[in-house]
Amino acid sequence: MADVHEQYAPQSFPEPQGHGLRLRPWNAESDADARAWLRGLSDPEFQRWNTPLKAVRDIDDARDSLRARAESAADGSGVSFRVTDAGTGATLGHIGVNEIDYVIRVARVGYWVLPEARGQQVATRALLLAARFAFSELGLHRLELGHALGHDVSCRVAERCGFLWEGTLRGAMFEAGRSDVFRDVHLHARLATDPEPATP
């Protein structure tokens, strides 16, 4: 019998597309992908709300970070997508289905959007696609979405995509740029059995 991670190897799936977007795998060996990844993680708005466990400061760090994402895809623990415009192929941002647990069929989603692509509902459209992928292709039952308290934009994205607010997690993530101070997190979640949200 195949290992559960082999059974759900993301490489065997087509690239999710719809709502004017196409979700493609990141390529650590692509200069354009590495530069886009570095730009996304270096953006002040990203850094305001997120503190990666390992800092990405230059192109080599970006490649290493993307290689770690590829390893997660290979072992079945996560799937990372480059969010692109379906027509032009331009990179707009990132969305990932992370920390996949196939036993209880749950995962966590995370995303960011490049500055020039904001205000176009990119995160909303990408999250709708990623959720459909996670439920239909990965067979997951529950998706969780956590964001720092006060990140109202991310809160609205979650709500538009059918991720209900379930409560506040105290001290559940690092403060911006710190690894010794914690802040609260809003927890949202969506189940495979929840109604499909309206298309934006």
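The structure we're discussing is the one just above.
Note that this is a predicted model, so its numbers are computed, not measured.

A.B. asks: How should I be thinking about the overall build of the protein chain in this particular structure?
C.D. replies: The number of helices and strands found in the protein chain is six helices and eight strands. Secondary structure elements in the protein chain, listed N-terminal to C-terminal, are α-β-β-α-α-α-β-β-β-α-β-α-β-β. Relative to the compact-globule value of 16 Å for 200 residues, the protein chain shows a C-alpha radius of gyration of 16 Å, a close match. Each of the three principal axes of the protein chain carries a C-alpha extent, and together these read 40 × 40 × 35 Å. Within the protein chain, the fraction of its 200 residues that count as buried is 45%. The long-range fraction of contacts in the protein chain, counting pairs at least 24 apart against all pairs at least 6 apart in sequence, stands at 63%. Put simply, the protein chain shows about 10,400 Å² of open surface, and 51% of that area lies on carbon and sulfur atoms. Positive and negative charge centroids in the protein chain, built from 23 and 28 side chains respectively, lie 4 Å apart.

A.B. asks: Looking at this structure, I do not really get the packing of aromatic side chains. What am I missing?
C.D. replies: Aromatic rings considered in pairs are described by the distance between their centres and by the relative angle of their planes. Evaluation of the coordinates by the stated rule reveals five aromatic pairs. Where Phe 81 meets Phe 133, the ring centres are 5.2 Å apart and the plane angle is 90°; that geometry is what we call edge-to-face. Here the residue Phe 81 occupies a position in strand E3 (residues 79-85), and Phe 133 occupies one in helix H5 (residues 122-136), the gap between them amounting to 52 residues. Phe 81 sits in the buried class, given a relative accessible area of 6%. An aromatic cluster is built from Trp 26, Trp 37 and Trp 112, whose rings are joined through pairwise contacts.

A.B. asks: Where do I start with the sheet that holds strand E7 (residues 164-174) in this structure?
C.D. replies: For sheets, the rule is that strands pair by backbone hydrogen bonds, running either parallel or antiparallel. One open sheet holds the eight strands; their spatial order is E1-E2-E3-E4-E5-E6-E8-E7, and the pairing between them is mixed. Every interior strand has two partners, whereas the edge strands, strand E1 (17-18) and E7, have only one. Note: E1 against strand E2 (residues 21-25), two bridges, orientation antiparallel. Paired with Gln 17 across the two strands is Arg 22, which belongs to E2. Helix-sheet contacts for helix H2 (residues 31-42) involve E2, E3, strand E4 (91-101) and strand E5 (106-113), and the interaxial angle to E5 is about 90°.

A.B. asks: Explain the packing of H5 against helix H6 (residues 152-160) to me, please; I cannot follow it from the model alone.
C.D. replies: Helix-helix packing is described using two parameters, namely the angle between the two axes and the distance between the axes. Where H5 contacts H6, the two axes come as close as 9 Å, and the packing angle between them is 40°. Here H5 is positioned oblique relative to H6, judged by the angle of their axes. In the crossing of H5 with H6, the sense of the turn from one axis to the other is right-handed. Here Ala 123, Thr 124 and Leu 127 of H5 come into contact with H6, specifically with Val 157, Ala 158 and Arg 160. Tallied by class, residues from the contact of H5 with H6 come to four nonpolar, one polar and one charged.

A.B. asks: Would you explain the environment of Phe 81 in this entry?
C.D. replies: Separated by 65 residues in the primary sequence, Phe 81 and Pro 16 have C-alpha atoms spaced 9.2 Å apart. Setting aside residues up to four positions removed in sequence, Phe 81 forms contacts with Pro 16, Leu 23, Arg 24, Pro 25, Trp 26, Gly 93, His 94, Ile 95 and Phe 133.

Parameters and conventions
Residues numbered from 1 in each chain as written. Predicted model: local features only at pLDDT ≥ 70, side-chain atom pairs only at ≥ 80, totals over all residues. Heavy atoms only, no water. Helix = DSSP H or I, 4+ residues; strand = E, 2+ residues; numbered from the N terminus. Rg over C-alpha atoms; globule rule 2.2 N^0.38 Å. Buried < 20%, exposed > 50% of the residue type's maximum accessible area, 1.4 Å probe, protein only. Contact = heavy atoms within 4.5 Å. Areas by Shrake-Rupley, 256 points an atom, 1.4 Å probe, with all protein chains shown as cover. Lys, Arg positive; Asp, Glu negative; His and termini not counted. Charge placed at Lys NZ, Arg CZ, Asp CG, Glu CD. Phe/Tyr/Trp six-rings, centres within 6.5 Å; stacked < 30°, edge-to-face > 60°. Pairing = 2+ DSSP bridges. Axes fitted to C-alpha atoms, helices over the stretch in contact; angles between N-to-C directions. Parallel < 35°, antiparallel > 145°, perpendicular 65-115°, else oblique. Left-handed = near helix turned anticlockwise from the far one by under 90°. Nonpolar A, V, L, I, M, F, W, Y, C, P; charged D, E, K, R; others polar.

Read these as layout, nothing more, since geometry by itself doesn't imply function.
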